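Observations on the three-dimensional arrangement
Each chain is listed here by its residues.
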There are 2 protein chains.
Amino acid sequence: MNNFADNLISQIKEKKSIICIGLDPRLPSKEEKNSIPQFLIDETKDNNEAIFEFNKRIIDATCEFTPIYKPNIAFYEQYYALSALKDTINYIKKNDSLSILDAKRGDIGSTSKAYARDLFENYKADAITINSYFGTDGVEPFLSYKNKGFFTQVKNSNPSSAEFQDLFSVRLEDIKNDQISVKIEDLKDKSVILERNFVQMARLVKEWGRKLIGSNGYSSFGAVVGATFPEQMKSIRKILDKCFLLIPGYGAQGATAQDIINGINEDGLGAIVNSSRGIIFAYQTKPYSVKYPANDFEKAASQAASDMRNELNEALK
Amino acid sequence: MNNFADNLISQIKEKKSIICIGLDPRLPSKEEKNSIPQFLIDETKDNNEAIFEFNKRIIDATCEFTPIYKPNIAFYEQYYALSALKDTINYIKKNDSLSILDAKRGDIGSTSKAYARDLFENYKADAITINSYFGTDGVEPFLSYKNKGFFTQVKNSNPSSAEFQDLFSVRLEDIKNDQISVKIEDLKDKSVILERNFVQMARLVKEWGRKLIGSNGYSSFGAVVGATFPEQMKSIRKILDKCFLLIPGYGAQGATAQDIINGINEDGLGAIVNSSRGIIFAYQTKPYSVKYPANDFEKAASQAASDMRNELNEALK
């Protein structure tokens with residue numbers, strides 16, 4: 001199969017799992033509560049090797065529980081460890097799993113083309129996250145990679161996503177002004193429907209995804225919707241009925257299995273739920289930290305991934 | 001001086017120029033109309049060296065005409081030429097000019113922190129472009145670098161930026177729904193003001209910039225506003241009266257000196273106007289291509305930069 005959504009569905013069914021594991025490495029430092037264990041830093045020669053070795057062991061220990069991994073490029077860039085990122089995506093592929101390269105790239109068309117080349121040709125990711133503030137001509141260069149998957153920012157998991165994403169908005173044609181005052185007289189027998197900005201973004205996603213529909217009826221163009229906003233997820237699910245939502249915010253950001261129910265379709269498909277720190281640094285987090293020392297970090301991750309899969313499957317019943 | 005806006009103003013005054021030169025390298029290929037000349041590729045050992053050598057010669061030939069350069073990271077990433085980017089920013093500094101690293105990064109807080117570290121600590125850029133769709137908590141980690149400059153996407157130069165950025169929107173508190181229908185009865189003696197999304201974004205930029213005001217009264221938090229939308233620029237200028245607009249779209253994208261007048265304050269400050277291809281690949285563009293062969297690409301760039309500076313200064317009179 002060549003369509004990303006088809007591949008994802010086949011992985012989800014095979015592994016009986018809708019989890020996504022975020023591979024966001026952090027090196028030990030005073031500022032970081034969670035990090036790659038010190039012994040692994042001592043055993044390796046540089047950041048690239050330490051990070052790849054950590055990811056490799058995490059992937060070996062968790063790939064039976066997850067259809068897909070999501071490395072966030074920011075964490076590799078800050079350590080200037082891009083070869084570790086390349087190696088990681090390659091290793092995910094070898095282990096018969098899929099990858100989303102979380103990069104949130106986007107620009108005008110000619111620049112988006114350069115970003116698309118980088119993410120798909122240098123890193124060979126199966127899917128990417130993009131930023132669609134630029135509209136169709138900034139999105140199209142990505143979509144020319146027809147067998148890839150795309151997730152754009154719709155409603156993010158952080159509290160202040162509301163500041164812009166929750167504004168009520170409306171498309172009004174034939175108005176030149178940048179500000180209008182709606183008064184009773186202006187409306188006369190008319191009424192306008194205002195929808196929140198993230199709903200408007202979801203409608204654009206629906207359009208962009210029409211050409212990417214796989215044999216299962218699902219589109220490969222999906223949306224990022226924070227688990228921390230279950231009500232908003234319901235609105236988005238209605239519009240984007242047949243695409244995948246990438247749901248961050250589970251675990252470390254506080255959302256629970258119940259919070260994501262609104263994001264899942266009746267067929268049990270339509271969403272993948274991401275956890276990063278909660279899985280990869282489980283050895284530093286209760287209850288796993290009690291049982292697993294740093295030396296067994298991958299066992300802690302394996303247990304946390306298995307538990308998360310089961311929790312979500314339980315909630316879906 | 002430590003404040004970015006102050007440094008920029010001092011550069012603008014010294015060089016009597018409000019231009020910004022985009023350093024977006026392109027290697028020769030069938031797809032690219034404009035590119036680094038083949039002879040330079042032949043003389044150098046790899047992409048990193050070819051790109052840095054090209055940029056170096058461009059910077060040497062143009063730095064008397066420009067206060068600031070803007071490398072777009074996408075073009076370096078696609079060639080996996082990040083050391084050329086580092087070297088370029090370092091070389092800009094050595095030549096007593098400023099740099100904006102155009103990266104359009106943005107995410108939830110913990111990830112924005114990683115991006116900020118990368119852009120400011122690995123690349124040591126003086127300013128960056130960011131994506132503010134995430135709201136305040138996604139922006140704040142960048143702002144903790146207090147002496148740096150920031151430009152966020154407000155109204156982009158590409159045609160389909162209208163799809164989302166031109167929606168009319170309003171902040172309505174205490175409403176739980178994601179969709180409302182405004183009818184005459186609902187409004188009763190009330191009226192609501194709807195403003196385009198890019199105007200709303202400009203208002204957020206104004207807030208974020210309050211803590212970054214330099215001794216000249218200008219803030220170091222600015223906005224990207226396409227030269228291709230002169231009317232919209234007027235609305236944005238009114239709100240962001242004392243910050244810098246980064247104006248792309250000049251030259252290759254079709255905008256002229258007249259189009260950017262609305263973006264400049266009475267004091268002649270408040271904007272920098274970017275041209276990328278129009279300057280660095282001037283040797284392939286009329287009228288410069290007639291006079292300058294590929295071997296003299298830097299002379300063509302120097303002439304084009306000088307001409308652009310003069311055109312803008314003329315229009316500002």
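What counts, and where the lines are drawn
- Residues numbered from 1 in each chain as written.
- Chains lettered and ligands numbered in written order.
- Predicted model: local features only at pLDDT ≥ 70, side-chain atom pairs only at ≥ 80, totals over all residues.
- Heavy atoms only, no water.
- Helix = DSSP H or I, 4+ residues; strand = E, 2+ residues; numbered from the N terminus.
- Rg over C-alpha atoms; globule rule 2.2 N^0.38 Å.
- Buried < 20%, exposed > 50% of the residue type's maximum accessible area, 1.4 Å probe, protein only.
- Contact = heavy atoms within 4.5 Å.
- Areas by Shrake-Rupley, 256 points an atom, 1.4 Å probe, with all protein chains shown as cover.
- Core = buried A, V, L, I, M, F, W, Y, C linked by side-chain atoms within 4.5 Å.
- Pairing = 2+ DSSP bridges.
- Axes fitted to C-alpha atoms, helices over the stretch in contact; angles between N-to-C directions.
- Least-squares fit on C-alpha atoms with pLDDT ≥ 70 in both.
- Right-handed = clockwise from strand over helix to strand, strands pointing away.
- Buried area = accessible area lost by both parts, 1.4 Å probe.
- Salt bridge = Lys/Arg side-chain N within 4 Å of Asp/Glu carboxyl O.
- Polar contact = N/O pair within 3.5 Å; in protein donor to acceptor, adjacent residues only side chain to side chain.
- Nonpolar A, V, L, I, M, F, W, Y, C, P; charged D, E, K, R; others polar.
- Phe/Tyr/Trp six-rings, centres within 6.5 Å; stacked < 30°, edge-to-face > 60°.
- Lys NZ or Arg CZ within 6 Å of the ring centre and 35° of its normal.
- pLDDT = per-residue confidence, 0-100.
- Parallel < 35°, antiparallel > 145°, perpendicular 65-115°, else oblique.
- Left-handed = near helix turned anticlockwise from the far one by under 90°.

1. Concerning the overall build of chain A
If you tally the helices and strands in chain A, you get 15 helices and 11 strands. What you see for chain A is a C-alpha radius of gyration of 20 Å, in line with the 20 Å of a compact globule of 317 residues. Each principal axis of the C-alpha atoms in chain A carries an extent, and together these give about 75 × 45 × 45 Å. Split into buried and exposed, the 317 residues of chain A put 63% on the buried side. For chain A, the share of sequence-separated contacts (at least 6 apart) that also reach a separation of at least 24 residues comes to 73%. Of the roughly 12200 Å² of accessible surface on chain A, 48% is carried by carbon and sulfur atoms.

2. A look at the nonpolar core
One broad trend across soluble globular proteins is that nonpolar side chains are buried collectively. Core analysis: the largest hydrophobic core is formed by 215 residues, its most contacted members being Leu245 of chain A together with Leu245 of chain B. Not counting chain neighbours up to four residues away, the residues in contact with Leu245 of chain B comprise Ala223, Val225, Met233, Ile236, Arg237, Leu240, Gly263, Gly270, Ala271 and Ile272 of chain B. Phe168, Val170 and Ile180 of chain A together with Val170 of chain B belong to the second largest nonpolar core, which has eight residues in total.

3. Some remarks on the sheet that holds strand E5 (residues 149–155) of chain A
Residue and element names in this part refer to chain A. Strand order around the closed barrel formed by eight strands is E1-E2-E3-E4-E5-E9-E10-E11, with parallel pairing between neighbours. Along the sheet, successive strands turn relative to each other by an average axial angle of 30 degrees, direction set aside. Here five bridges tie E5 to strand E9 (residues 219–225), and the two strands are oriented parallel to one another. Bridge pairing in E9 places Lys155 opposite Val225. Contacts from helix H15 (residues 297–316) reach strand E1 (19–23) and strand E11 (271–275), with the element oriented near 145 degrees to E1.

4. Brief notes about the relation of the copies chain A and chain B
Superposing chain A onto chain B takes a rotation of 180 degrees combined with a translation of 0.0 Å along the rotation axis, leaving an RMSD of 0.0 Å. The operation mapping one copy onto its partner corresponds to a two-fold rotation axis. For chain A, the residue whose C-alpha comes nearest the rotation axis is Ser169 of chain A, separated from it by 1.9 Å. Here 99% of the contact residues of chain A are again contact residues in chain B; the copies associate through an equivalent surface.

5. As for the pairing of strand E5 (residues 149–155) of chain B
Counting buried residues along E5 of chain B, seven of its seven residues qualify, which places the element largely inside the surrounding structure. Each parallel crossover has a hand, and the one from strand E4 (residues 127–130) of chain B via helix H7 (residues 136–143) of chain B to E5 of chain B is right-handed.

6. With respect to the pairing of strand E2 (residues 68–71) of chain B
All names here are of chain B. The alternating pattern of E2 places Ile68 and Lys70 on one face and Tyr69 and Pro71 on the opposite face, and all of these are buried. As paired strands, strand E1 (residues 19–23) and E2 are joined by four bridges and run parallel to one another. Looking at the pairing, Leu23 lines up with Pro71 of E2.

7. Let's talk about the interface of chain A and chain B
Between chain A and chain B, the contact holds 87 residues from the first and 86 residues from the second. Contact between chain A and chain B buries roughly 7000 Å² in total, counting both sides, with carbon and sulfur atoms accounting for 51%. Its largest share of buried area at the contact with chain B, chain A owes to Tyr133, Phe168 and Asp178 of chain A, together 12% of the area lost on that side. Linking Arg196 of chain B and Asp178 of chain A is a salt bridge whose minimum nitrogen-to-oxygen distance equals 3.0 Å. Counting the contacts that link chain A with chain B gives 45 residue pairs in polar contact (both at pLDDT 80 or more). The class makeup of the residues in the side of chain A that touches chain B is 33 nonpolar, 28 polar and 26 charged. Taken together, the three bridges between strand E6 (residues 168–170) of chain A and strand E6 (residues 168–170) of chain B define a ladder with antiparallel strand orientation. Looking across to E6 of chain B, one finds that Val170 of chain A is bridged to Phe168 of chain B.

8. Some details on the environment of Ala255 of chain A
Residue and element names in this part refer to chain A. Residue placement: Ala255 occurs in the loop between strand E10 (243–247) and helix H12 (257–260). Here Ala255 falls in the buried class, since its relative accessible area comes to 7%. Dropping the residues within four chain positions of it, Ala255 is found in contact with Ala227, Thr228, Gly249 and Tyr250.

9. Digging into the packing of aromatic side chains
Geometrically, a pair of aromatic rings is defined through the distance of the ring centres and the angle of the planes. For the structure shown, the criterion picks out 29 aromatic pairs over all chains. Ring geometry for Phe164 of chain A and Phe164 of chain B: centres 6.1 Å apart, planes at 65 degrees, overall edge-to-face. Linking Phe164 of chain A in helix H8 (residues 162–165) with Phe164 of chain B in helix H8 (residues 162–165), this pair reaches from one chain into another. Each member of the pair, Phe164 of chain A as well as Phe164 of chain B, is classed as buried. Ring pairing ties together the aromatic residues Phe39, Phe54, Phe281, Tyr283 and Phe297 of chain A, which thus form one cluster. Looking at Lys155 of chain A, its charged tip hangs above the ring of Phe229 of chain A, at a distance of 4.0 Å from the centre.

10. Side note on the sheet that holds E1 of chain B
All names here are of chain B. Judged by pairing direction, the barrel is parallel, and its eight strands sit side by side in the order E1-E2-E3-E4-E5-E9-E10-E11 before closing back on the first. Here the average twist between neighbouring strands, direction ignored, is 30 degrees. Bridging between E2 and strand E3 (residues 98–105) involves two bridges; their strand directions are parallel. Residue pairing for E3: Ile68 is matched across the bridge by Leu98.

11. Quick look at the confidence of the model for chain A
When pLDDT is averaged along chain A, the result is 94; 97% of the residues meet or exceed 70. Here the predicted complex carries an ipTM of 0.95, next to a pTM of 0.96.

12. What to know about unusual backbone geometry
All names here are of chain A. Note that the residue after Lys286, namely Pro287, is joined by a cis bond; omega there is 0 degrees. Tracing the sequence through the fold places Pro287 in the loop between helix H13 (277–280) and helix H14 (288–291). Positive phi outside glycine occurs at Asp96, with the angle close to 60 degrees.

13. Some details on the packing of helix H3 (residues 47–62) of chain B against helix H5 (residues 82–94) of chain B
Residues and elements named next belong to chain B. Between H3 and H5, the least distance of the axes is 8 Å, while the angle of their chain directions is 20 degrees. Here H3 lies roughly parallel to H5, going by the angle between them. Pair H3 / H5 crosses with right-handed handedness. Along the contact surface, H3 presents Asn48, Ile51, Phe52, Asn55, Lys56, Ile59 and Asp60, while H5 presents Leu82, Ser83, Ala84, Asp87, Thr88, Tyr91 and Ile92.

14. Some remarks on helix H7 (residues 136–143) of chain A
Summarising burial for H7 of chain A: six of the eight residues are buried, a large majority. Listing the buried residues of H7 of chain A in full gives Thr136, Gly138, Val139, Pro141, Phe142 and Leu143 of chain A.

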